[in-house]
Amino acid sequence: MNVDSCDDFKLSQSSTSTAAGSSAATNTSTQPDLPKLPFGHCLVNVRWRNHEIIPEIQKSFTSLMYTDDYDFIDFHPSSQHIVAVLSEAEVLCNNDENQNIRRKFARIYKLSHQNARAQPLHGVILFHFTEITEPFFQSVQSLCVLDFSMTFVPLNSYESLPPLLSTLKDSTKTKNPFKMDRASTAARCTNKDVLIVLMAIPGVGEKQARKLLEKFGSLRDIAAASQAELSSVVGDRLASGVADFLDRKNTV
């Protein structure tokens, strides 16, 4: 595994001008965009360089690249995710109105939705959940999810960080099983209707109907097929029945 030093990898010389000294969460200045990371590369804030979890993170990535340009981001594990960790100390230093954390969330949100990107990044906030930070959990969670629409994950131990970062990396190469493709959904509905029509033909069951649909693709093409072509799929007797039922003189 290769680990690039901070001197070897700099995001932008101008990014330090937008550091934590910002006095308003709605600062309109545009932040420098993050680089497009190759799959398997992870950008890491330099404050994590000597942390004990770094060797475990290295096992899941081709390369770790350190930077101090974005103090409000801890990890950039994929081209689609930026991760910020709310440490116990950071939560305790926050005021009752969550102004410090709100300012941090606003900077992450702004960076993830900059126009320079073809699609927004997903902000992931990791909350270090301990007995001390538990009283602040609900208010910070509401701020993160309701005000900024970012993912909020409680983290009981930093040991959970390496597998989480690895999962975020791998998710960019894995198809979401819950994301429905409209075209394929419409095609499945159409195929279902065709199967119902074909199964209405005397002697044609689901198995024969599926064979016809797989062979010809549509009801129109089934109706246009010759009896010899139909026979090759369902046999002579059923082929004659299919042809008579669809009545080639009518428009399908």
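Residues numbered from 1 in each chain as written. Predicted model: local features only at pLDDT ≥ 70, side-chain atom pairs only at ≥ 80, totals over all residues. Heavy atoms only, no water.

Visitor: Help me understand unusual backbone geometry, please; the structure alone is not making it clear to me.
Guide: If a residue is not glycine, its phi is most likely negative; likewise, a peptide bond is most likely trans. Here Ser149, not a glycine, exhibits a phi torsion of approximately 55°, which is positive. Its place among the elements puts Ser149 in the loop between helix H4 (137–148) and strand E7 (151–155). For Ser149, a relative accessible area of 62% gives the class exposed. (Helix = DSSP H or I, 4+ residues; strand = E, 2+ residues; numbered from the N terminus. Buried < 20%, exposed > 50% of the residue type's maximum accessible area, 1.4 Å probe, protein only.)

Visitor: How should the side chain of Thr133 be read in this particular structure?
Guide: Residue position: Thr133 is located in the loop between strand E6 (122–128) and H4. What makes Thr133 buried here is its relative accessible area of 0%. Engagement of the side chain of Thr133 in a polar contact is seen with the backbone oxygen of His128, the distance being 2.7 Å. If near-sequence neighbours (up to four positions away) are discounted, Thr133 is found in contact with Glu88, Val91, Phe127 and His128. (Polar contact = N/O pair within 3.5 Å; in protein donor to acceptor, adjacent residues only side chain to side chain. Contact = heavy atoms within 4.5 Å.)

Visitor: It is not clear to me how the nonpolar core should be interpreted in this structure. Could you clarify?
Guide: Generally speaking, soluble globular proteins have nonpolar side chains that are buried together. Judged by nonpolar contacts, the single largest core of 26 residues is most densely connected at Leu34, Leu86, Phe105 and Ile125. Those elements that provide at least two residues to this core are strand E5 (81–86), helix H3 (99–112), E6 and H4. What Ile125 contacts, discounting residues up to four positions off in sequence, is Ala84, Leu86, Phe105, Ile108, Cys144, Met150, Thr151, Phe152 and Val153. Judged by nonpolar contacts, the second largest core, of 21 residues, contains Ile201, Phe216, Val233 and Leu246. (Core = buried A, V, L, I, M, F, W, Y, C linked by side-chain atoms within 4.5 Å.)

Visitor: Quick question: what am I supposed to make of the packing of helix H9 (residues 227–234) against helix H10 (residues 236–246) here?
Guide: What describes two packed helices is the angle between their axes and the distance between those same axes. Across the interface, H9 lies against H10 with an axial gap of 7 Å and an inter-helix angle of 130°. Between H9 and H10, the interaxial angle falls into the category oblique. Relative to H10, H9 is oriented so that their crossing is right-handed. Contacts from Gln227, Leu230, Ser231 and Val234 of H9 reach H10 at Asp236, Leu238, Ala239, Ser240, Val242 and Ala243. (Axes fitted to C-alpha atoms, helices over the stretch in contact; angles between N-to-C directions. Parallel < 35°, antiparallel > 145°, perpendicular 65-115°, else oblique. Left-handed = near helix turned anticlockwise from the far one by under 90°.)

Visitor: What am I meant to see in the environment of Phe245 here?
Guide: For Phe245, the location among the structural elements is in helix H10. For the pair Phe245 and Ala223, spaced 22 residues apart in sequence, the C-alpha to C-alpha distance is 9.2 Å. If we ignore the near neighbours within four places in the chain, the residues touching Phe245 are Val197, Ala200, Ile201 and Pro202.

Visitor: Would you take a moment to explain the confidence of the model for the protein for this structure?
Guide: Counting all residues, the mean pLDDT for the protein is 79, and 77% of those residues have values of 70 or more. Predicted confidence is poor over residues 1–28, with pLDDT under 50, and the contacts of this stretch with residues over four places away or in other chains come to 57 contacts. (pLDDT = per-residue confidence, 0-100.)

Visitor: Any chance you could explain helix H5 (residues 161–171) here in plain terms?
Guide: Side chains three or four residues apart in an α-helix point the same way, a direct result of the helix having 3.6 residues per turn. Of all the residues in H5, the buried ones are Leu161, Pro162, Leu165, Ser166, Leu168 and Lys169. End-on, the buried residues of H5 take up no more than an arc of 160°, which puts them together on one face. If you follow the buried residues of H5, they end up packed against helix H1 (54–58), strand E4 (75–78), E5, E6 and E7. (Arc of directions from axis to C-beta.)

Visitor: Would you mind going over a nonpolar patch on the surface with me for this structure?
Guide: On the surface, Leu92, Ile132 and Phe136 cluster together to form a nonpolar patch covering roughly 250 Å² of accessible area. Within the fold, Ile132 resides in the loop between E6 and H4. (Patch = residues over 30% accessible without salt bridge, like charges linked within 9 Å, V, L, I, M, F, W, Y side chains within 5 Å. Areas by Shrake-Rupley, 256 points an atom, 1.4 Å probe, with all protein chains shown as cover. Salt bridge = Lys/Arg side-chain N within 4 Å of Asp/Glu carboxyl O.)

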